[in-house]
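Notes for the structure review
Spelled out, the chains give:
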Amino acid sequence: MTKKYLLKFGGRALGKPVLADCVLKTKARINILKADAEGNMLVKIPKSSEEKVLRFLRDEGVDVTEQKNVVEYDRERCIDCGLCTSLCPTGAFSLDAESTLVYNEDKCVLCGLCIDACPRRALSKPKF
Amino acid sequence: MAKTYEEINQRIHRGDAVILTAEEMIEYVRKNGVKKAAKEIDVVTTGTFGAMCSSGAWLNFGHAEPPIKFQRVWLNDVEAYTGVAAVDAYIGAAQLSETEGFEYGGAHVIEDLIRGEEVELRATSYGTDCYPRKKIKTQVTLEDLNQAWLLNPRNSYQNYTAATNSSDKTIYTYMGKLLPNYGNVTYTTASQLSPLNNDPYFETIGIGTRIFLAGTHGYIIGEGTQFNTEVPRKNGVPVGAGATLSVRANLKEADPNFLKAATFTGYGVTLFVGLGVPIPILNEKIAERTAISDADIYTHILDYSVPSRSRPVVKTVNYADLRSGRVEINGEEVRTSSVAPLKKAREVAETLKKWIEEGQFEITRPLEAFKPAELRPMRHNVHYVGDVMEKAVIVEEDADIEEISQLLINKNVNHILISREGRLEGIVTSWDVAKAVASGKKRLRDFEVRGVITAKPTETLGIVAERMRKNGISALPVVDNHNKILGIITAENIARFIDIK
Ligand code: SF4
Ligand code: SF4
């Protein structure tokens, strides 16, 4: 499966045609899905050239994170109430022995049931 | 062997008092017995971190130049109550922002203040000779205020009911989001750690007791609102919502870690408050009570889809069941979750324990004991089905259509109940009969009577009206617990007493 990556251009990576250079150098068919004014970009990179592309971008100072199609969880806002644990149909949320919330994002199918249930607004749809 | 408050405080000062959290006490008593616990343990600390809507803060902003007497005042667009002196105001946790609605409220203002953030103060007035100014708009921080007291009329419920939803729609409540068809169960108390569950008869807790509140020293200033000592108990603890506390602390000393604003979608804004009470182990009875565990504390799971003060009990369970993450309802496993973080409740009890161990916190003898009280409903006219229902027109199940259509006409009714020896079998409407006649049917049993939805005489009109609306019907047979027909209630009967949505 082709993975999606969120690219954040900042610092060193600003003001350079990084993506163009990357395409020229790696010959990878990078597919730009979305871009915003703050310099964030969501791209699809073919599996075959993934490694090369990621290495190139990181070397150029681009902040690269894999974008999974799962709910975004803000640890800072969470108070470990655990309310979300009884709402998630796939069991993506659970409380550990210390009663700290554990989020297993591999289980999330982005059904959205938990999002408006979180009293601390710690859960959201991926922005991109 | 009994101890006194003074003896315990002396030990606290000497640094050799033995303090356990309520959870540690359970283990200790299990291993060593109550006798030894009463002798060795000086204080048990409790903690809770629940969503407590009945919270807020009194703020004094100081005088402006020229001065203003607030008539109305807003903090970040959340209105505060100012029906007191010129620049005093009470910001209630549950008050909603006039611009952001449910996503921002009084609780968020309080959280922003204690996090040191600037808050916009906006006030209007009619102007007087002594307070000529008519409006003001400025930015303030907690530091700029003369006084800021967290003053919560009702916190720290002794126990509380749990919630589920039998209807086929998701509902949004102060107990959280409840999925349809018993999709989940939520509950809210810190159970075995909860202050009033550990001293259920208030032998050490009363007016004047020094407590942990919002990360600083606070005080119990009285019984909380809706304080109720008349709830049936099990193992000493009320099964469901019991006693409450009214508390105060200096907001300027509060720790943002122990006050967190929250929004319950579809319900509103609330404030999570960290509150812990130290329980001095004066004697064996008190020691024994602080050793109560989740398995001994019971609550009712109520059906929150019933829009009434008296919601039906679906099941009675203990907190060990609830904490396990699953309970069984009607043969199905249903997931449970807490609205109140256990982890934070533990943090409260641990912090209080540390304060006492370090000699920073003395225990106090209450100045006055709580008085027993009973929870009364609001005084207003509530009408019950039994008062409003009318006599039903009844036929036996072997009646023929001819007889029924005569009855419908003669008695001028739209519904006829069908009985077998006084017990309800079904209901037919004039429409059913017209159709039966048109299709040449002769006997009742030749056409289907509708599956019967009923009402009980003790139900309120509001509930019954909702049931009619949901099922799209205009009358319900009224029966007793043995299905014996008592009468019939129609939408018209109800409309005379209440407005149906
Ligand atoms: S509901 Fe929100 S605050 Fe509560 S545990 Fe889940 S993510 Fe954290
Ligand atoms: S979006 Fe759905 S699947 Fe994903 S964590 Fe939330 S409830 Fe679970």
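As shown above, the structure is provided for reference.
To start, this report covers the structure provided alongside it. Note that the coordinates shown come from a computational prediction; the quantities given were computed from them, not determined experimentally.

A look at the interface of chain B and chain A
Interface extent is often summarised as the accessible area lost during association of the parts. Contacts between the two partners involve 30 residues from chain B, matched on the other side by 23 residues from chain A. Across the chain B to chain A interface the summed buried area is about 1900 Å²; carbon plus sulfur atoms make up 49%. For the chain B face of the interface with chain A, the top three residues by lost area are Lys 177, Arg 335 and Lys 343 of chain B, together amounting to 30%. Here Glu 111 of chain B makes a salt bridge to Arg 120 of chain A, at a shortest N to O gap of 3.0 Å. Breaking the side of chain B that touches chain A down by element, the ones donating at least two residues are strand E15 (176-178), strand E16 (184-187), strand E22 (259-264), strand E28 (332-338) and helix H7 (342-357) of chain B. With five residues, E22 of chain B is the largest single contributor of residues to the side of chain B that touches chain A. In terms of residue class, the side of chain B that touches chain A is made up of 13 nonpolar, nine polar and eight charged.

Description of the packing of aromatic side chains
All names here are of chain B. Using the criterion set out here, one finds 17 aromatic pairs over all chains in the structure. Centroid distance Tyr 187 to Tyr 319: 6.0 Å. Interplanar angle 65 degrees. Geometry classified as edge-to-face. Note that Tyr 187 is positioned in strand E16 and Tyr 319 in helix H6 (residues 319-323), a separation of 132 residues in sequence. Overall, the relative accessible area of 0% leaves Tyr 319 in the buried class. For the ring pair Phe 227 and Phe 370, a centre distance of 5.4 Å and an interplane angle of 70 degrees mean the geometry is edge-to-face. Here the residue Phe 227 occupies a position in the loop between strand E18 (216-223) and strand E19 (233-234), and Phe 370 occupies one in the loop between H7 and helix H8 (385-388), the gap between them amounting to 143 residues. Taken together, the ring pairs in this structure connect Tyr 157, Tyr 160, Tyr 174, Tyr 267 and Tyr 304 into an aromatic cluster. Between the NZ or CZ atom of Arg 122 and the centre of the ring of Trp 74, over which it lies, the distance is 4.6 Å. The ring centre of Tyr 298 lies 4.2 Å from the NZ or CZ of Lys 234, which sits over that ring.

Quick notes on the sheet that holds strand E24 (residues 278-280) of chain B
Residues and elements named next belong to chain B. Taken together, the three strands give an open sheet; going across it, the order is E1-E2-E24, and neighbouring strands pair in mixed fashion. Looking at strand neighbours, the two that pair on one side only are strand E1 (19-21) and E24, the edges of this open sheet. Across the sheet, the mean angle separating the axes of adjacent strands is 25 degrees when strand polarity is ignored. Here strand E2 (residues 43-45) runs beside E24; their pairing, made up of three bridges, is antiparallel. By the bridge assignment for E24, Val 44 is matched with Ile 279. Across the sheet, helix H2 (residues 22-40) is in contact with E1 and E2; its angle to E1 comes to roughly 105 degrees.

Some remarks on the site of ligand 2
Neighbouring residues of ligand 2: Val 71, Cys 88, Pro 89, Thr 90, Ala 92, Phe 93, Cys 108, Val 109, Leu 110, Cys 111, Gly 112 and Cys 114 of chain A. Its residues assigned to classes, the shell around ligand 2 shows ten nonpolar, two polar and no charged.

Some words on helix H10 (residues 430-438) of chain B
Residues and elements named next belong to chain B. Of the residues making up H10, those classed as buried are Asp 432, Val 433 and Ala 436. Considered in projection along H10, the buried side chains sweep an arc of 95 degrees and stay on one side of the axis. Exposed side of H10, more than 90 degrees from the buried face: Trp 431 and Ala 438 are the residues found there. On its buried face, H10 sits against helix H9 (401-410) and strand E31 (423-429). Gly 440 sits one or two positions beyond H10 and adopts a positive phi of about 75 degrees.

Cut-offs used in this document
Residues numbered from 1 in each chain as written. Chains lettered and ligands numbered in written order. Predicted model: local features only at pLDDT ≥ 70, side-chain atom pairs only at ≥ 80, totals over all residues. Heavy atoms only, no water. Contact = heavy atoms within 4.5 Å. Buried area = accessible area lost by both parts, 1.4 Å probe. Salt bridge = Lys/Arg side-chain N within 4 Å of Asp/Glu carboxyl O. Helix = DSSP H or I, 4+ residues; strand = E, 2+ residues; numbered from the N terminus. Nonpolar A, V, L, I, M, F, W, Y, C, P; charged D, E, K, R; others polar. Phe/Tyr/Trp six-rings, centres within 6.5 Å; stacked < 30°, edge-to-face > 60°. Buried < 20%, exposed > 50% of the residue type's maximum accessible area, 1.4 Å probe, protein only. Lys NZ or Arg CZ within 6 Å of the ring centre and 35° of its normal. Pairing = 2+ DSSP bridges. Axes fitted to C-alpha atoms, helices over the stretch in contact; angles between N-to-C directions. Near = heavy atom within 4 Å. Arc of directions from axis to C-beta.

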